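Observations on the model geometry
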Amino acid sequence: MSDLLITHVDVLTDEGVLKNHAIEIENGYITTILNDSEAIKAKDNAKEVLDGKGQLAAPGLVNTHTHIAMGLFRNYADDLELMEWLETAIWPTEAKLNDDYVRYGTQLGIAEMLRTGTTTFSDMYFFMNTTAEVVKETGIRSVLSRGLAGVSPTADQALVENADLFRTWNGFDNDRIKVLLGPHAPYTCPDAYMEKVIALSHELNCGIHMHLSETKGEVENVIKATGKTPIAHMHDLGLFWNTTLAAHCVHVTDEDMDIMAKNNVAVAHNPQSNLKLASGIAPVPEMIAKGITVGLGTDGSASNNNADMLEEVRLAATLHKARLYDPKAIPAQAAWSMGTVEGAKALGYKDLGVLAKGYRADIVLYDVSGMHWMPRYNDLAALVYSANSSDANTTIVGGKVLMKDKELLTIDEEKLRAEITKAQEYFRN
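Residues numbered from 1 in each chain as written. Predicted model: local features only at pLDDT ≥ 70, side-chain atom pairs only at ≥ 80, totals over all residues. Heavy atoms only, no water.

The name given to the chain in an unreviewed UniProt entry is 5-methylthioadenosine/S-adenosylhomocysteine deaminase, with the source organism recorded as Veillonella infantium. As recorded by UniProt, the Function (unreviewed entry) comment attached to the chain reads in full: "Catalyzes the deamination of 5-methylthioadenosine and S-adenosyl-L-homocysteine into 5-methylthioinosine and S-inosyl-L-homocysteine, respectively. Is also able to deaminate adenosine." According to the UniProt record, the Sequence similarities (unreviewed entry) comment for the chain reads "Belongs to the metallo-dependent hydrolases superfamily. MTA/SAH deaminase family." (UniProt positions renumbered as here; feature names shortened; annotations may be inferred.)

Now the structure itself:
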């Protein structure tokens, strides 16, 4: 008996769209994709049946780089370059955070993601045990990293907290939660501290999530101090011995990309945040050509200013066409894959991001009745170039329905709105 059967739905697969089919789900995985006549028989063996008429089933989007509780600071400080933004606005305000505010900020971000078609996110922030609890409660999938800064007076305690997070949560609920170590960036993590992080990664056999080569200033300062680029320097320190998720990688050389490809360093490309902070445009087509796995991320909602992954997919598809004067630089299929299956690979999931038998049942049903979907020549192109994230109607993670007909089932939105309003007054003062 299946746990869930989605009927009368168009299904986006790697082979194209299967019209009026059904998806059978058991124990969190897709067991079969059925045609309409087969689905009629399967109904009797399903615990729950969900009618997908008028909708397109697609893989849930994978957000490979967030600081999700930073939604608390959305529209708080804008139109600044990265270091000024961090030093004058964000870091002083973050000093006022506590578990409760991170709880509500995380709920806010998850509510936004579930509403806009994201089913997995990779997060680097503080009070991460609280974040893990919210992930557990809300049902979303997440890869968590405790942000580590060697220049902080609590630097060593942060390492202890990241290790505890790993021991407590890594592998929870069949890998619905995974944990990485989260050294922030070269400019906040001196070499001596990075050596401690790397030693801990060996002790735990744990991967790394780190901002690398985000701005010209960062790269210039590391070269001045070490004679090497941030990528080359971290490689020589031994960072890339295990899986590494490198956020941004805007200013990388051919030699950097060769190092990344050889060491299976995956990239979280954050096009909108990079543009807003004037950090630059990452050479993504060149990375892909070298065999580097590239996923997409929104970054924090204070530098984006939302967690809408469909926007990132569209921007990734269009931005690089303009940069290279080549309409084929990132085709629609490549952009969609970056937002789904390639992002999943970047986070270490080999069975996520595709609607096919044996894959995890992280699925979004999009309402295709809007005029912007017509005519329906190519549904994949529609998702990338014309769909709205508000078209997401139902969101499923691990076979469990978390939003149905635009109603969130695991978050009390009315209570959350009240708490965010209180937080706004707190951080404003």
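Our focus in this paragraph is the overall build of the chain. Across its full length, the chain carries 17 helices and 17 strands. Taking 22 Å as the expected radius of gyration for a compact globule of 429 residues, we find that the chain reaches 21 Å, a close match to that expectation. Each of the three principal axes of the chain carries a C-alpha extent, and together these read 65 × 50 × 40 Å. Split into buried and exposed, the 429 residues of the chain put 58% on the buried side. Look at the contacts in the chain between residues 6 or more apart in sequence, and 73% of them connect residues 24 or more apart. When the 38 basic and 58 acidic side-chain charges of the chain are each reduced to a single mean position, those positions are 3 Å apart. (Helix = DSSP H or I, 4+ residues; strand = E, 2+ residues; numbered from the N terminus. Rg over C-alpha atoms; globule rule 2.2 N^0.38 Å. Buried < 20%, exposed > 50% of the residue type's maximum accessible area, 1.4 Å probe, protein only. Contact = heavy atoms within 4.5 Å. Lys, Arg positive; Asp, Glu negative; His and termini not counted. Charge placed at Lys NZ, Arg CZ, Asp CG, Glu CD.)

Take the layout of surface pockets next. Computed from the structure, the largest pocket encloses a volume of approximately 700 Å³. Trp91, Glu94, Phe126, Arg146 and Ala149 are, among the 31 residues lining the largest pocket, the residues nearest its centre. Going through the elements one at a time, helix H2 (82-94), strand S7 (118-125), strand S8 (141-148) and helix H5 (155-169) are the ones with two or more residues in the lining of the largest pocket. By volume, the second largest pocket is sized at about 510 Å³. Around the second largest pocket, the lining comprises 29 residues; the ones closest to its centre are Thr243, Lys345, Ala346, Leu347 and Gly348. At the level of secondary structure, the elements contributing two or more residues to the lining of the second largest pocket comprise strand S9 (177-183), strand S11 (244-248), helix H10 (254-262), strand S12 (265-269) and helix H15 (341-346). (1 Å grid on protein atoms, 1.4 Å probe; cavity = no way out; pocket = protein on both sides within 12 Å on 5 of 7 lines; lining within 4 Å. Points joined across faces, edges and corners; volume = space filled by probe spheres on them.)

Following the UniProt record, one finds the feature "domain: Amidohydrolase-related" (unreviewed entry) at residues 58-401. Helix makes up 44% of residues 58-401 and strand 18%, and the two end C-alpha atoms of the span are 14 Å apart.

Applying the stated criterion across every chain yields a total of seven aromatic pairs. On the numbers, 5.1 Å between centres and 90 degrees between planes, the contact of phenylalanine 73 with phenylalanine 427 is edge-to-face. With phenylalanine 73 in the loop between strand S6 (61-66) and H2 and phenylalanine 427 in helix H17 (residues 413-428), the pair connects residues that are 354 residues apart, well separated along the chain. You'll find phenylalanine 73 and phenylalanine 427 in the same group, each marked buried. A centroid spacing of 5.1 Å and a plane angle of 65 degrees characterise the contact between tyrosine 101 and phenylalanine 427, whose relative ring orientation is edge-to-face. A residue pair is termed long-range when its members are at least 10 positions apart, and tyrosine 101 in helix H3 (residues 99-115) and phenylalanine 427 in helix H17 qualify at 326 residues. Grouping residues by exposure puts tyrosine 101 and phenylalanine 427 together as buried. Taking the ring centre of tyrosine 426 as reference, the NZ or CZ of lysine 96 above it sits at 4.9 Å. (Phe/Tyr/Trp six-rings, centres within 6.5 Å; stacked < 30°, edge-to-face > 60°. Lys NZ or Arg CZ within 6 Å of the ring centre and 35° of its normal.)

Right, let's get into the pattern of salt bridges. One pass over the full model with this rule turns up 22 salt bridges. A salt bridge links glutamate 161 to arginine 146; its shortest N-O distance comes to 2.9 Å. Of this pair, glutamate 161 sits in helix H5 while arginine 146 sits in strand S8, and the two are 15 residues apart along the sequence. Assessed through its relative accessible area of 13%, arginine 146 is described here as buried. One salt bridge in this structure joins arginine 323 and glutamate 286, with 2.7 Å as the shortest N-O distance. Here glutamate 286 lies in helix H12 (residues 284-289) and arginine 323 lies in helix H13 (residues 309-324), a separation of 37 residues in the sequence. (Salt bridge = Lys/Arg side-chain N within 4 Å of Asp/Glu carboxyl O.)

What follows is about the nonpolar core. One finds Phe73, Trp85, Ile110, Met287, Trp336, Tyr366 and Leu383 to be the most contacted residues of the largest nonpolar core, which totals 106 residues. With near-sequence residues (within four places) excluded, isoleucine 110 lies in contact with Ile68, Phe121, Val134, Val135, Thr138, Ile140 and Ile411. Judged by nonpolar contacts, the second largest core, of 15 residues, contains Val9, Ile30, Leu50 and Leu355. (Core = buried A, V, L, I, M, F, W, Y, C linked by side-chain atoms within 4.5 Å.)

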